[in-house]
Amino acid sequence: MSNYEQKDNDFILSPNKYKKEDKHPAYTGTITLDGVKYRLAAWIKKGSDGISFFTGKKSEIKAEQTEQAEDPLNSPSQDQSAEPQPYPEYVKPVAEPIDDLPF
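Residues numbered from 1 in each chain as written. Predicted model: local features only at pLDDT ≥ 70, side-chain atom pairs only at ≥ 80, totals over all residues. Heavy atoms only, no water.

1. Structural notes on the overall build of the protein
Rules: Put simply, DSSP marks the helices as runs of H or I at least four residues long and the strands as runs of E at least two long, and each gets a number from the N terminus on. Per-residue accessibility, obtained with a 1.4 Å probe over protein chains only, is compared with the maximum for each type, and a residue is labelled buried under 20%, exposed over 50%, and partly exposed between these values. Note on contacts: a residue pair is in contact if any heavy atoms of the two residues lie within 4.5 Å. To measure how exposed things are, a 1.4 Å probe is used in the Shrake-Rupley method; for residues, cover is taken only from the protein chains shown.
Secondary structure assignment for the protein yields one helix and four strands. For the protein, the succession of helices and strands along the chain, N to C, is β-β-β-β-α. In the protein, which comprises 103 residues, the share counted as buried stands at 15%. By sequence separation, contacts in the protein at least 24 residues apart represent 16% of the contacts at least 6 residues apart. Total accessible area computed for the protein in this model is approximately 9,300 Å², and 53% of it derives from carbon and sulfur atoms.

Here it is in structure tokens:
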């Protein structure tokens, strides 16, 4: 599903793996309406007749959540003008080429 491109009027719901309390939604996801992506939350309820059904809520995705989702390594913290953070020491390129490699 990683290659799935969400089209207009499509939605995705999946189990909420962060649910810890009854008030947290059982399912979360996104929906795209008129080219704008929104968050979805859904709860499972039981009617007086014993039949289960979903209730839900749509909310806007905040700009900072969208930026973090697009590039979590270089997204600015609270300061929108912040420079991208340097990579950790273990992923920095070697400063000088190594010429004595046997290949």
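2. Things to note about the side chain of Gln-6
For the record, the criterion: Two N or O atoms form a polar contact when they lie within 3.5 Å of each other; inside protein one atom must be a possible hydrogen donor and the other a possible acceptor, and for residues adjacent in sequence the pair counts only when both atoms belong to side chains.
Here Gln-6 shows up in the segment before β1 (11-15). The exposure class of Gln-6 is buried, given its relative accessible area of 15%. Polar side-chain contacts of Gln-6 include one of 2.9 Å to the backbone oxygen of Asp-10. Only 2.8 Å separates the side chain of Gln-6 from the side chain of Thr-30, close enough to count as a polar contact. Ignoring sequence-local partners within four residues, the contact set of Gln-6 consists of Phe-11, Ile-12, Thr-30, Ile-31, Thr-32 and Lys-37.

3. Details of the pattern of salt bridges
The cut-off we apply is this: Should a side-chain nitrogen of Lys or Arg be within 4 Å of a carboxyl oxygen of Asp or Glu, the pair is scored as a salt bridge.
Overall, the coordinates contain one salt bridge when judged by the stated rule. Between Glu-21 and Lys-23 there is a salt bridge, and its shortest N-O distance comes to 3.9 Å. Looking at Glu-21, the relative accessible area reads 41%, which means it is partly exposed. Take Lys-23: its relative accessible area is 62%, and that puts it in the exposed class.

Worth remembering: the numbers are spatial, not functional.
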